[in-house]
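The residues making up each chain are set out below.
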Amino acid sequence: MRKTILFTLLAIMLLPCPVLGARKTPRQKLIERLQRLQKRGIMYGHQDDTFYGLTWEWDEDRSDTYALCGDYPAVMGFDLGGIEMGDEKNLDSVPFTRMRREIIRHHERGGIVTISWHPRNPMLGTTAWIEGDIKAYEEAVRLLRKIGQADVAEKATDPRLTVRSVLKGGSHHEKFQMWLERVTDFLLTLKDKKGNAIPVIFRPWHENNGGWFWWGASNCSTAEYHALWRMTQDAVNAKLRESIVWAYSPNLQGNWTEEQWMERYPGDDRVDLIGEDAYQWGTEEDFVKQMSADMALISKIAREHYKLLAVTECGYKNSPDATWWQRVLKPIIEPYPTLYILPWRNYKKEHFGVAPETTTAQDFKAWVATKKLLLLKGIK
């Protein structure tokens, strides 16, 4: 009897015990918060909200969203393009010191931060946009062949090899490793007053189904794109695994099959949030048709793969339609568990988000009044 009791006690002692009060990482806390907020409504986000607006730029404590609604966006977007060069300002002339300060401020207000990255072309030194580079290359090759310099034409640098050049074994791999280190170093400086890491949604290599960026589908193979994503993620996660939520967002297409969409998807183990960038550039009819089809497919993928869903960029540039927010966009996204929408920046006379001066101001305020579109106060 004593032996039986002893063996029972030993067995109980050897059972694995849960760790009481196990620490959750900032990344885990943010993901869990986003999951809760997804059930509450759709968050409004805005790119570069506190840097400039329709009638102002670089003022402190100013925001077009706040001027219209008396509240900040729930989500704020920032871009690191230029950090890889060691520049003091990003591609939109935002000083990185100011960007860091605004990220910290928004986090301390209770807001959510998302960061994109439009890096320069590491092979050519040009911008992230590659269509002009390809056109110039093709014209140069044509002229060289025309004057009998075919051998020189064959040695010309093809911009469409940029991704290949930064991968392991490529001619610009070491340079790109330094670029990734600079991105990581900036992200490491994002800390609250207590020195804790600020969690952010990081969204690299977006709109990859198009051909306008050097990492687009027209400019690299699926295997090369996957290698680029893994290389980037592994470099950042080596120091920031506990504070980065990873977002994957192709561009509006409208005719995806699930197989096509999944082709460049980095994998469930590498993505936390999926979505797409969806602007109305053409007719309303085309936009509604394309985005409705995309949202139906992407929401299905998000549900089946247990991922968060968002419209990671959107808008109608200088919208002449006063009812665009509620009449056009709202019916497309409301049937799905859309976490947030993020219109691009307002800058001087060009705007995608709202401001007191925009034609859509009252329609937007009416949407906010329904409490289904959430600003900062709505997520606290």
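Residues numbered from 1 in each chain as written. Predicted model: local features only at pLDDT ≥ 70, side-chain atom pairs only at ≥ 80, totals over all residues. Heavy atoms only, no water.

Participant: Summarise the pattern of salt bridges; cite the residues concerned and give the values.
Facilitator: Tallying each qualifying case throughout the model produces 23 salt bridges. With its nearest N and O atoms 3.0 Å apart, the salt bridge here joins E102 to R98. Note that E102 and R98 are positioned in helix α4 (residues 96-109) at a spacing of four residues, about one turn of the helix. The class of E102 is buried, set by a relative accessible area of 1%. Look at R98 and you get buried, because its relative accessible area is 6%. Of the charged contacts, one joins E258 and K300 as a salt bridge, the two residues approaching to 2.9 Å between their closest N and O atoms. Here E258 is found in helix α10 (residues 258-263), whereas its partner K300 is found in helix α11 (residues 284-304), with 42 residues between them in sequence. For K300, a relative accessible area of 28% puts it in the partly exposed group. Residues joined by salt bridges that share partners form a network here, namely E60, D61, R98, R101, E102 and R105. (Salt bridge = Lys/Arg side-chain N within 4 Å of Asp/Glu carboxyl O. Helix = DSSP H or I, 4+ residues; strand = E, 2+ residues; numbered from the N terminus. Buried < 20%, exposed > 50% of the residue type's maximum accessible area, 1.4 Å probe, protein only.)

Participant: Can you tell me about empty space enclosed by the protein, naming the residues and giving the values?
Facilitator: Inspection of every chain in the model, using the stated rule, returns two cavities of 30 Å³ or more. Every residue lining the largest cavity is listed: Y316, S319, W324, W325, H351, F352, G353 and T360. Looking at the lining of the largest cavity residue by residue, the classes come out as four nonpolar, four polar and no charged. If you add up the space inside the second largest cavity, you get close to 30 Å³. In terms of lining residues, the second largest cavity is bounded by Q47, G77, F78, T114, I115, S116, R203, T312 and L342. Where the lining of the second largest cavity is concerned, the elements lending two or more residues are β2 (75-79) and β3 (112-116). The biggest single contributor to the lining of the second largest cavity is β3, with three residues. (1 Å grid on protein atoms, 1.4 Å probe; cavity = no way out; pocket = protein on both sides within 12 Å on 5 of 7 lines; lining within 4 Å. Points joined across faces, edges and corners; volume = space filled by probe spheres on them. Nonpolar A, V, L, I, M, F, W, Y, C, P; charged D, E, K, R; others polar.)

Participant: Help me get a handle on the side chain of R203, residues and values and all.
Facilitator: Tracing the backbone through its elements, the reader meets R203 in strand β4 (residues 200-203). Within the structure, R203 has its side chain in polar contact with the side chain of D277 (distance 3.2 Å). Look past the residues within four positions of R203 in its chain and what remains in contact with it is I115, S116, W117, A247, S249, D277, T312, E313 and W344. (Polar contact = N/O pair within 3.5 Å; in protein donor to acceptor, adjacent residues only side chain to side chain. Contact = heavy atoms within 4.5 Å.)

Participant: Report on the nonpolar core, specifying residues and quantitative values.
Facilitator: Formed by 102 residues in total, the largest nonpolar core has its most connected members in M43, L80, L187 and I341. Of the residues forming this core, the biggest block, seven residues, is contributed by α11. Once residues within four sequence positions are removed from consideration, M43 is found in contact with L34, L37, A74, V75, I112, L339, Y340, I341, L373, L374 and I379. (Core = buried A, V, L, I, M, F, W, Y, C linked by side-chain atoms within 4.5 Å.)

Participant: Explain the environment of S221 residue by residue, including any values.
Facilitator: Inspection of the secondary structure assignment puts S221 in the loop between β4 and α9 (222-240). On a C-alpha basis, the gap between S221 and Y72 in space is 40 Å, while along the polypeptide they are 149 residues apart.

Participant: Mind laying out the pairing of strand β6 (residues 273-279), listing which residues take part and the relevant values?
Facilitator: Looking down a regular strand, the side chains alternate between one sheet face and the other. Where burial is concerned, most of β6 is hidden: seven out of the seven residues are buried. Of the two faces of β6, both are covered, the one formed by L273, G275, D277 and Y279 as well as the one formed by I274, E276 and A278. Across two bridges, strand β5 (residues 244-248) lies against β6 in parallel orientation. Looking at the pairing, A247 lines up with L273 of β6. (Pairing = 2+ DSSP bridges.)

Participant: Account for unusual backbone geometry, with residues named and values stated.
Facilitator: Unusually for a residue other than glycine, D48 sits at a positive phi of about 55°. Along the polypeptide, D48 turns up in the loop between β1 (42-47) and α3 (64-69). Among the residues examined, D48 registers a relative accessible area of 1% and is labelled buried. A positive phi angle, near 65°, is found at K371, a position not held by glycine. Considering the arrangement of structural elements, one finds K371 in the loop between α13 (361-369) and β9 (373-374). Owing to a relative accessible area of 64%, K371 belongs among the exposed residues under this scheme.

Participant: Which residues make up the packing of aromatic side chains, and what are the values?
Facilitator: Here the structure, examined in full by the defined rule, presents 33 aromatic pairs. Seen from their ring centres, W205 and W215 are 5.0 Å apart, and the 65° between their planes marks the pair as edge-to-face. Taken as a pair, W205 in the loop between β4 and α9 and W215 in the loop between β4 and α9 lie far apart in primary sequence, ten residues in all. For the pair W205 and W215, a shared accessibility class is recorded, and that class is buried. For the pair Y248 and Y265, a centre-to-centre distance of 5.9 Å together with 70° between the ring planes defines the contact as edge-to-face. In this pair, Y248 is assigned in strand β5 and Y265 in the loop between α10 and β6, connecting sequence segments 17 residues apart. The two residues Y248 and Y265 agree in class, both being buried. Among the aromatic residues, those joined into a ring-pair cluster are W117, W129, F176, W179, W205, W212, F213, W214 and W215. (Phe/Tyr/Trp six-rings, centres within 6.5 Å; stacked < 30°, edge-to-face > 60°.)

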